[in-house]
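Structural overview for review
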Amino acid sequence: MRILDPHIHMTSRTTDDYRAMRAAGVRCVVEPSFWLGQPRTGVGSFTDYFDTLLGWEPYRAARFGIAHHCALALNPKEANDPRCAGVLDVLPRYLAKDSVVAVGEIGFDSGTAAEEKAFALQLALAAEHGLPALVHTPHRDKAAGTRRSLALVEESGLDPALVLLDHLNEVTVDQVAGSGCWLGFSVYPDTKMTPERVVRVLERYGTERMLVNSAADWGHSDPLLTAATGRAMLAAGFTEDDVDQVLWRNPVSFYGQSGRLRPELPDVLEAATHEGNSIARGGS
Amino acid sequence: MTAPVPVPAPALLTSSLEAGPDRASAAWLHDALRRLAADPGALAVLFPAAGRACGHRRLPEPPPGAEGWTAADAARALLLLAVPAADGQRLAEAEACYRYGDAAERVAVLRALPLLGVGDGAVGLVEDALRTHDTRLLAAAVGPYARRHLDQALWRDAVLKCLFTGVPLSAVADLHERADRELRVMLTALVREREAAGRPAPPEALALLTPADVASHRPVTLRGKE
């Protein structure tokens, strides 16, 4: 089983997770920028975080044989804090980076006017930079928030094929299924979706444009639930090829639209391991 | 004594890009330099884009001093050299490219430093890279620019950090010329600590020690109750 986890917050995870993920078939991850549990109070802590997603985290992932990319954005929750608004001014500089494969996570949290403004502006940035957009649908008032998100995407003029609506469930899948956008399902131990529920959605709606992610972060979550979903698909009668489509080819196609995705480890690593200088070596 | 590490000549970097199998890199650079001349602010976009345009493969025929450089490293060095050095402009742009750069861009800035004619003004970037734990940055930080400008105490610590993180000491410019007695004392202590832990001492550390250092080395014995 080869897996690209299209949404996972590895800065919150341990090296044991990286090892277990690689053993379970995860070859590539996309880490969207989001909030950290503790709210940030200024632009500097965002840029340090972006630097981590562009520097240290890919380095850490490569040590475990996993290619790491990211999506960058001002997230909806912190879009409400005026002290963080300056993130939108520095964002274009970061969206030019090699390993940035999308703008995200953008979308709604509480559904405020400030969120809508940041959401629309960042959809425009995605169009300007030729990048896909990863849209977080809200936890609270999800169905209404998903409808508003689809409306905003339509207004933006961004090709729906460049948009992934994430954290969908049985209630919201129907509105997105005919929109031309990609559909993301986050599989969690307790909340969001379970592997079995994702399988039922796939049985009903098919495997095209469907993405499954662990969205693992600092909360109760599990980076191996992508693989568990693949196994649940096989147990329900899906073929190996169906599993490969959902867990690998679909996310490769979606983020590949950036022209920057290198789903297997890049030459940089080969160069670094050349001449006996292996970056996989541990410290002292 | 070995010859000092050479600094790659800009003209040779250009010709090595042109000699590469991918003709598009040289064409992209030519166009990028034209854009930069017309709009100095374009560097913020051109510097990261050089990675995608020129690629992260090593230069097939690197000029002396650019061994291990990628095509993107060469293009990025040439972009920085195109910024006028007057009034600290080039230094300011190099600092911004590093500050907002991903790991590959930071490596490119560090590699380019000895070419830029910025004196010791960029030593802060080397110090920043040495505070990381990323071996790509560490290896690029201990090159010829650090050889010339980095404070001796920090330089010694950088050599030790290379040994601790697995960066080969061949990355350290003019290692043997700059290695001093204090460094050898630190290396002797490292060897002692490793032996006490029952782990092998790094062969590269042992290779730097003189017979006198080895003679001064006493094995560690634990003192238990009499």
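Residues numbered from 1 in each chain as written. Chains lettered and ligands numbered in written order. Predicted model: local features only at pLDDT ≥ 70, side-chain atom pairs only at ≥ 80, totals over all residues.

Focus on the overall build of chain A
Looking only at helices and strands, chain A has eleven helices and eight strands in total. For chain A, the C-alpha radius of gyration of 18 Å lies close to 19 Å, the compact-globule estimate for 284 residues. Considering only C-alpha atoms, chain A reaches an extent of 55 × 50 × 35 Å along its principal axes. The buried share of chain A, taken over its 284 residues, is 46%. Counted over contacts in chain A with a minimum sequence separation of 6, partners at least 24 positions apart contribute 73%. (Helix = DSSP H or I, 4+ residues; strand = E, 2+ residues; numbered from the N terminus. Rg over C-alpha atoms; globule rule 2.2 N^0.38 Å. Buried ≥ 20, exposed ≤ 12 C-beta atoms within 10 Å, placed from the backbone. Contact = placed C-beta atoms within 7 Å.)

Focus on the overall build of chain B
A count of helical and extended segments in chain B gives 14 helices and zero strands. From first element to last, N terminus to C terminus, chain B shows the α and β order α-α-α-α-α-α-α-α-α-α-α-α-α-α. Counting only C-alpha atoms and orienting by the principal axes, one finds that chain B spans roughly 80 × 35 × 30 Å. Split into buried and exposed, the 226 residues of chain B put 41% on the buried side. Across chain B, every contact between residues at least 6 apart in sequence was considered, and the portion connecting residues at least 24 apart equals 65%.

Here we look at the domain arrangement of chain B
All names here are of chain B. By domain assignment, chain B separates into domain 1 (1-117) and domain 2 (127-226). Taken residue by residue, the interface counts twelve residues in domain 1 and 14 residues in domain 2. In the side of domain 1 that touches domain 2, the residues fall into nine nonpolar, one polar and two charged. (Domains from an automatic or database assignment. Nonpolar A, V, L, I, M, F, W, Y, C, P; charged D, E, K, R; others polar.)

Focus on unusual backbone geometry
Across the junction of Gly104 of chain A and Glu105 of chain A, the peptide omega takes the value -5 degrees, indicating a cis bond. Of note in this structure, His167 of chain A is not a glycine but carries a positive phi near 60 degrees. With respect to the helices, strands and loops of the structure, His167 of chain A is situated in the loop between β6 (163-166) and α7 (173-177). A count of 25 C-beta atoms within 10 Å places His167 of chain A in the buried class. A positive phi angle, near 55 degrees, is found at Asp87 of chain B, a position not held by glycine. Take Asp87 of chain B: it is sitting in the loop between α4 (71-81) and α5 (89-99). The exposure class assigned to Asp87 of chain B is exposed, which follows from the 8 C-beta atoms found within 10 Å.

Examining the confidence of the model for chain B
The predicted model of chain B has a mean per-residue pLDDT of 91, with 94% of residues at 70 or higher. This prediction of the complex comes with two scores: 0.86 for pTM and 0.79 for ipTM. (pLDDT = per-residue confidence, 0-100.)

Some remarks on the nonpolar core
Membership of the largest hydrophobic core comes to 141 residues, with the highest contact counts inside it found for Leu72 and Ala133 of chain A. The dominant element in this core, judged by the number of residues it contributes, is α4 of chain B, at eight residues. Two domains each put at least three residues into this core: domain 1 (1-117) and domain 2 (127-226) of chain B. When sequence neighbours within four positions are dropped, the list of residues in contact with Leu72 of chain A reads Ser33, Phe50, Leu53, Leu91, Tyr94, Leu95, Val100 and Val103 of chain A. (Core = buried A, V, L, I, M, F, W, Y, C linked by C-beta atoms within 7 Å.)

Some details on the packing of helix α2 (residues 23-38) of chain B against helix α3 (residues 43-54) of chain B
Residues and elements named next belong to chain B. Put simply, α2 and α3 touch, their axes get as near as 10 Å, and they point 175 degrees apart. By the criterion of interaxial angle, the relationship of α2 to α3 is roughly antiparallel. Contacts between α2 and α3 pair Ser25, Trp28, Ala32, Arg35 and Leu36 from the former with Leu43, Leu46, Ala53 and Cys54 from the latter. Here the residues of the contact of α2 with α3 are counted per class, giving seven nonpolar, one polar and one charged. (Axes fitted to C-alpha atoms, helices over the stretch in contact; angles between N-to-C directions. Parallel < 35°, antiparallel > 145°, perpendicular 65-115°, else oblique.)

Notes on the environment of His149 of chain B
Residues and elements named next belong to chain B. Its location among the elements puts His149 in helix α9 (residues 144-149). For the pair formed by His149 and Ala37, sequence separation is 112 residues and the distance between their alpha carbons is 30 Å. Setting aside chain neighbours within four positions, we find His149 in contact with Asp120 and Val123.

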